[in-house]
Amino acid sequence: MSENPPVTGGDAAAPVTDTRAEAADPRMSIDVVSIFPEYLAGLQLSLIGKAVDRGQLGLAVHDLRDFTFDRHNTVDDSPYGGGAGMVMKAEPWALALEHVLAGGSGEKPTLIVPSPAGAVFDQRIAEDLASRKHLVFACGRYEGIDQRVIDWAGEHFELLPMSIGDYVLNGGEVASMVMIEAVSRLIPGIIGNPESLTEESHEDGLLEYPIYTKPAEWRGREVPEILLSGNHAAIARWRRDRRLERTAEVRPDLLARLTDLSKEDLAAIERFESER
Ligand code: SAM
């Protein structure tokens, strides 16, 4: 059974959202294929929306149902071998992806297929994807997409099945938005102040230090005095220590992976551990 009412009269050549014309020479083009294109409307807000408006990012959202030709715009059918749930049919996906390829530059785009069975997306993968010119997101629904069209797509795209974590969502739209946001903020020029990307959680394997703004005293709670001292070296050491402390406490798995900790770092970690 279909998840939403049939859409009729779709023009297979017209994405629901398409900013590619305005983005004459974007740093990156992103295509998203979904049966719920409205889900992706949030990408038109905030920093990504502004990047799209400025022409730094090209964004096209395609309705998978525009690539169906029956009266009900069917995109799913029952699974071979039996079992619960429905499977997305191969042909609408192949037509939609061929349409995306036809609108591309001729270079192999990267096709990200959100799936709880994919490799887990992280900041390193976001950094890698931020250097690509053309990303395509295939948002599955139901039990997922017929494997044959995924295998076929591997011949035309660089194929990346990606999970955003060890849990199951209803569809790939939210997962795609997570990945698009994480990737696009790393593209040079998209975040106003690139320095805000350094010392962020996961940037170098540590979590961020605690942050404060005015007033210096709020409901009896004071900002740590050192942050008001103007001593930049001492502030930098305090922040580094807080990053090490927080990471040791919340994500010891991340800390265990770091190989370039200084003597001061190791001494700080030893101190936190003995105090705990
Ligand atoms: N039957 C699939 C399985 O067991 O692996 C789960 C399908 S899920 C209900 C429907 C769609 O949601 C998937 O095709 C994928 O697009 C998306 N999805 C669900 N969980 C996800 C996750 N953790 N990461 C990325 N995408 C996810």
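Please refer to the structure higher up on the page.
These numbers come from a predicted model, not from an experiment.

1. Comments concerning the site of the ligand
For step 1, the next point in the chain: With respect to spatial proximity, 19 residues lie near the ligand, and among them Pro114, Gly140, Leu169, Gly172 and Ala175 are the closest.
For step 2, the next point in the chain: For the shell around the ligand, the leading source of residues is strand β6 (residues 110–120), giving four residues.
For step 3, the next point in the chain: For the shell around the ligand, the per-class residue count stands at nine nonpolar, eight polar and two charged.

2. Thoughts on unusual backbone geometry
For step 1, the next point in the chain: The omega torsion of the bond from Lys214 to Pro215 falls at 5 degrees, within 30 degrees of zero and hence cis.
For step 2, the next point in the chain: Tracing the backbone through its elements, the reader meets Pro215 in the loop between α5 (172–184) and β9 (217–218).
For step 3, the next point in the chain: Its identity is not glycine, yet Ser46 carries a phi of approximately 55 degrees, on the positive side.
For step 4, the next point in the chain: Residues other than glycine seldom take positive phi values, yet Asn73 does so here, at roughly 50 degrees.
For step 5, the next point in the chain: With respect to the helices and strands, Asn73 occurs in the loop between β3 (57–63) and β4 (76–77).

3. A short note on helix α6 (residues 232–250)
Since the α-helix turns once every 3.6 residues, residues separated by three or four places project in the same direction.
For step 1, the next point in the chain: Here α6 spans 27 Å end to end across 19 residues, near enough to the 27 Å set by a 1.5 Å rise per residue.
For step 2, the next point in the chain: For α6, every residue scored as buried is listed here: Arg243, Leu244, Glu245 and Thr247.
For step 3, the next point in the chain: In this fold, the buried residues of α6 make contact with α7 (252–256) and α8 (263–275).

Reading guide: rules and limits
Residues numbered from 1 in each chain as written. Predicted model: local features only at pLDDT ≥ 70, side-chain atom pairs only at ≥ 80, totals over all residues. Near = placed C-beta within 6 Å. Helix = DSSP H or I, 4+ residues; strand = E, 2+ residues; numbered from the N terminus. Nonpolar A, V, L, I, M, F, W, Y, C, P; charged D, E, K, R; others polar. Expected span 1.5 Å × (residues − 1). Buried ≥ 20, exposed ≤ 12 C-beta atoms within 10 Å, placed from the backbone. Contact = placed C-beta atoms within 7 Å.

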